[in-house]
Every structure is written in structure tokens, then in C-alpha cells.
Amino acid sequence: MFHLGWIFLWFVTGERIKGFNISGCSVKNFLWMYSSKSTEEFVLFCDLAEPEKSRFHRRNPLSPAPGPERRPCPGGEGLSDAQWYLQPREGGALQEITRNQSHLLLDKTTLRFLTVERSSAGSYICRPRTRSPSDEACCARMVLEVRPRADLSCASPAPRTRYLRLGSTDSIHCPSLSCQGGAPSPEMTWYQNGRLLSAQRSNPLQLDVIYDYHQGTYACDYTQADGAGAWTVRAVVQVKTIVKNTTLKPDILEPVQDTLEVELGKPLTLNCTARFGFEEHFTPVLRWYSQDSGQEREIPTEEGRSVKATVEAEVIQRTVHLDRVAQRDLHKTFICFAQNSLGNASQPLRLRGKKGVVLLYVLLGTIAALAGALVVGALLFTYWIEVLLLCRTCQDQDETLGVYTEDIVSIIKKSRRGIFILSPNYVNGPSVFELQAAVSLALDDQMLKLILVKFSPFQEPESLPDLVRKALRVLPTVTWRGLKSAPPNSRFWTRMRYHMPVRNPTGLPWSLLRVISRAFSLGRLSKTETAGRSSQPRHW
């Protein structure tokens, strides 16, 4: 639907332009003469006013009576907005100028050319944008020709921008006639902001007393003829009304006080605002600085913006944005600095935390500390044993540390039986040294007997000592079979009781059986370890 609307609008506009007859438009030829050494501006005004002779000519009394009197086209101040078209010099259809371009600006009834372009030559047509049926034929056609200025020997051409001091008497020279030497000045036509100054026909344009309303865009026209015909040569002067240069340094309007209460953690905006008096060559300086621990540096900010401008002064503002106020910002001094050609001024500013906010932070901090103390106390009450053991470990005051190996050897020597529960974690872990030490002691002490309990299946690691590896094959082993071995009358507990020592058994059969069993188990181990037993470390 949106695209259909655009197509319809284009069709209607095209039909309007296509049906627009420009043959009845008033025609005026303009010549724009430019210099490549300077940037020159040119303007076209939509002047639809009819010539004086066409308005007030006397009718022949013998001629037939005229028809209904045609209403004159609006012109000058009577026209509020104009519609502009372009017909290129090489010909072609009319093109409506609907938007600003890099070198062209639309300003109601004025078409402003910002830069010199030879391609700007062509026919420019204007007519009222809002018109009645009687205004359909009201239009003006301006043929623009662009040429470089032939006389480039002028040392001091008239300026394109004029500064006129309020209350004084001054004049405006037409730039295109400033280098003609002693040649007589032709009759001039002057315009101010598109309004014809009918009473002014000379060059320069004399102004008795300068007021604010004299500021604006002035255009001076005169007629020049050549082989191609008569042209209207136009030049543009920008006039600005000024006052005397200020005699004062800048006046800082903001910040006013040297201390500002802020909330920690909140964003903050600081404005540096200063009023600069008028200077013809105006180069104001407005900056923010920060001073901390004796070091001063400039705070990078966006360029200052004009807040208010009058003839006498201009107010400029520069802003610093803090995402959040930190504690370190309270120790800095922020300095607003302003400077002009007469001197400088500065205003320091320090940030201070709001009292209520500070008390709130102190209260919250106290509550958090008490809550933390309660949590720590509860943890200490619950895990005081673990904490005590941890402290002992950290201070190396636990008498059970560092002497563990010697205690194991001592305990084994005092025992008649050594029961070792074999599991994957035990065989692959560092505690397997206990079994190695027990085997070494059992080879020397005939009263010590070792019993192996195979708690779960495992695979012998490659790092297992050879003495332990061989002991696993010859020492008596009892296998734990889960719930089946749990009852007291199971085979597991029967074999465990069998390997346990008895209290001084008597009688020849029992003594003989014990000697045979002991000799059988240790004999196998002794045979495999005779060659390497002496190499086993006694402390393991």
C-alpha cells in the first residue's frame, strides 16, 4: 500500500510538472561571475512582481473594453513559500527541486547556492507553492549563466561578509564592482533577504544608522551587455550587525558554589557555563579540568554548545557526565575554565557525599558485618573440631603429623597379626607402604602373621613394590563376598577365626599343626625373597 501511494504521488506530480506551461513566465537572465581564489555565495529570489510599466500603463480609449482584471501575482513580502524547478542548460524535462543538496539550499522563496559549480547553469523556475486558480500562470523563469571573473588583478576586492557596528553610519559595497577602478558605477538594484530596496540605486549602499534589522543577506544587481545579450550580474554580501568588542573577561555562570552534595553510586552531570562578550574575532575557550593529589589534567568532553546568543554576548556550555559517583571522585577538585582574548576565569567544584546517604551506607555496613559475624560463629560452633584440626595442620603443632611412618612400624612390631583389607584405592594409593613394611617385618619376626582380606577385585599396578607383589601370591587371603559373608557363621568369618592367634594351646597335635602351617606359609615367601630381602628397606 505504501509503494502504491508513492507511485500515485509520483504520477500526479509528474502530470503537474508535465502540464506546467512556462511560456508565460517572466524571464530574467542572470550572470554569476566567480573567482577561483575565494568561496562565493549566490542566491536567486522568487520575484513574481509584475514590472511597473505593465501595472500602470494607460489604456487607449478607442480600444475595446478589457475583460475581467487579472489579479497581480504575489511578489516580495506577499509570497511566503515558493516551488522551484530546474531545466538543465542542455534541455530536457523540468525537474522539481524538492530537497537540499550539497551545494544548494531551499529557504522558502530563496534558492541559495553555497559553492561555485559550472554545472549549476540552467533555467530555474519558481511559482507560489500555495496558489489559487488565478495564480496558476504566475511564475518567474531565471536563466543562470556561470562564468569565471576575467579581472583577477584586483588586490583588495570588497568582502563577501560585512560587519556593521550598531549605532554607527556605514555602507555596503557591491563585490562585483569593487575592482572597476575609476569606471562609473552603473545603476544598482539592491535586495535584502529577497525584499527589493526600491529607494536604493547607488553603489555603495548607504546606511545612516545601523540597527539590528540591517543584518541579513544582501544582493546587488546591475545590467551588463555582451555579444550574447543583456545579463543581470548579481553579487551577494552577508551583513552581520555587531557591537564594540568587549572589555571584560568571561563570566562563569555555572557552577555557582564550590561544593556540591552528591549520592555515591548515582550518575552525575556537571555543567560549565560561561558568558563571553562580543569579539569580532571570536575564539572562546571552555574546558573542564580535574585536580587530584596535586596533578591536574583536562577531562575529555564533547565540544561546547551555544545556549544563548545575542549581539552583545554569547553563552556557551560544556558538560561532564559521570556514569556513577565513586568514592575517589570525592577527593578530586573539578575546575570549570573559561578564556577569551582578555583573560580567563575559573571556578573550582568539590563533591561531598550526602550525610543521609553516608549514614545509610554505615548502617548497611554494620548490619552486614553483624550478619557475617553470626554466620561465622554458627560455622565455628558446628565444625569446631574440623577447624581445630585445620589450625593444628597450619601451625604444624599436631603431634600425629610427620611421625606417622614410625608409628606404623612400631605398631606392627607389637602385633601378632596384621590384617590388611585390599581394595583398588589401597593398592594404588600411598598407604600400600604399610603392607610392604609388614612383610619386611614378618620375614624377621616369626611370631607375626599377615592376613589379607580381598574386599573388592583389583588389578595390580605397575608401581607396586616387588615384595608386595610376591606377598599377594603367597600370604593367606580371605575374600569378602558381600552380604553372603556378613553372617557370623559364614565361611569368611570361619577362615578369619582360623587365622587368628589362640591363647597358649597345649598338646602335641596342636603344636605340631601350628608349626607345620607356619613353616609352610613362611617357607614359600622366604624362598622367593631370599635373594632380594636384604635389599628391602628396613624403615618401610
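Only a predicted model underlies this, so the values are computations on that prediction, with no experimental measurement involved.

1. Quick word on the overall build of the protein
Then step 1. A tally of helices and strands in the protein yields ten helices and 27 strands.
Then step 2. Each of the 540 residues in the protein was classed as buried or not, and the buried ones make up 35%.
Then step 3. For the protein, the proportion of contacts with a sequence separation of at least 24, taken over those separated by at least 6, is 68%.
Then step 4. Counting only carbon and sulfur atoms, one obtains 56% of the accessible surface of the protein, whose full area is about 34,500 Å².

2. Focus on helix 7 (residues 433-444)
Since the α-helix advances by 3.6 residues per turn, residues separated by three or four positions end up pointing in the same direction.
Then step 1. In this model, helix 7 (twelve residues) spans 17 Å end to end at C-alpha, consistent with the 16 Å of a helix rising 1.5 Å per residue.
Then step 2. Of all the twelve residues making up helix 7, eleven are buried; the element is thus mostly covered by neighbouring parts of the structure.

3. Topic: the packing of helix 5 (residues 404-413) against helix 7
Then step 1. One way to put it is that helix 5 packs onto helix 7 with a least axis distance of 10 Å and a crossing angle of 40°. With respect to each other, helix 5 and helix 7 are oriented oblique. The interaxial crossing formed by helix 5 with helix 7 has right-handed handedness. Between helix 5 and helix 7, the contacting residues are Tyr404, Thr405, Ile408, Val409, Ile412 and Lys413 on the first element and Phe433, Glu434, Ala438 and Leu441 on the second.
Then step 2. Within the contact of helix 5 with helix 7, the residues separate by chemical class into seven nonpolar, one polar and two charged.

4. Side note on the pattern of salt bridges
Then step 1. Enumeration according to the criterion identifies ten salt bridges in this entry.
Then step 2. Asp329 is paired through a salt bridge with Lys332; the nearest N and O atoms lie 3.6 Å apart.
Then step 3. With a relative accessible area of 6%, Asp329 lands in the buried category.
Then step 4. Judged by relative accessible area, which is 15%, Lys332 ranks as buried.
Then step 5. A cluster of three or more residues bridged by salt bridges with shared partners is formed by Glu460, Arg469 and Arg473.

5. What about the state of the cysteines?
Between two cysteines, a covalent bond joining their sulfur atoms is known as a disulfide.
Then step 1. Evaluation of the coordinates by the stated rule reveals four disulfides.
Then step 2. Covalently, Cys25 is tied to Cys139 through a disulfide, its sulfur atoms 1.7 Å apart. The chirality of the disulfide connecting Cys25 with Cys139 is left-handed, given an S-S dihedral of about -105°. Within this pair, whereas Cys25 is found in the loop between helix 1 (2-18) and strand 1 (26-34), its partner Cys139 is found in the loop between strand 7 (122-128) and strand 8 (140-148), the two being separated by 114 residues in sequence. For the pair Cys25 and Cys139, a shared accessibility class is recorded, and that class is buried.
Then step 3. A sulfur-sulfur distance of 2.1 Å marks the disulfide that ties Cys46 to Cys126.

6. A short note on the sheet that holds strand 6 (residues 110-113)
Then step 1. On the basis of which strands lie adjacent, the open sheet formed by three strands has the order 2-6-5 and antiparallel pairing. The open sheet terminates on both sides in strands that have one partner only, identified here as strand 2 (42-45) and strand 5 (104-107). Here the average twist between neighbouring strands, direction ignored, is 20°.
Then step 2. Sheet topology note: the strand 2/strand 6 ladder contains four bridges and is antiparallel. Residue pairing across strands places Phe45 opposite Thr110, the latter belonging to strand 6.

Quick notes on the rules
Residues numbered from 1 in each chain as written. Predicted model: local features only at pLDDT ≥ 70, side-chain atom pairs only at ≥ 80, totals over all residues. Heavy atoms only, no water. Helix = DSSP H or I, 4+ residues; strand = E, 2+ residues; numbered from the N terminus. Buried < 20%, exposed > 50% of the residue type's maximum accessible area, 1.4 Å probe, protein only. Contact = heavy atoms within 4.5 Å. Areas by Shrake-Rupley, 256 points an atom, 1.4 Å probe, with all protein chains shown as cover. Expected span 1.5 Å × (residues − 1). Axes fitted to C-alpha atoms, helices over the stretch in contact; angles between N-to-C directions. Parallel < 35°, antiparallel > 145°, perpendicular 65-115°, else oblique. Left-handed = near helix turned anticlockwise from the far one by under 90°. Nonpolar A, V, L, I, M, F, W, Y, C, P; charged D, E, K, R; others polar. Salt bridge = Lys/Arg side-chain N within 4 Å of Asp/Glu carboxyl O. Disulfide = S-S within 2.5 Å. Pairing = 2+ DSSP bridges.

All quantities given are derived from atomic positions and should not be read as evidence of function.
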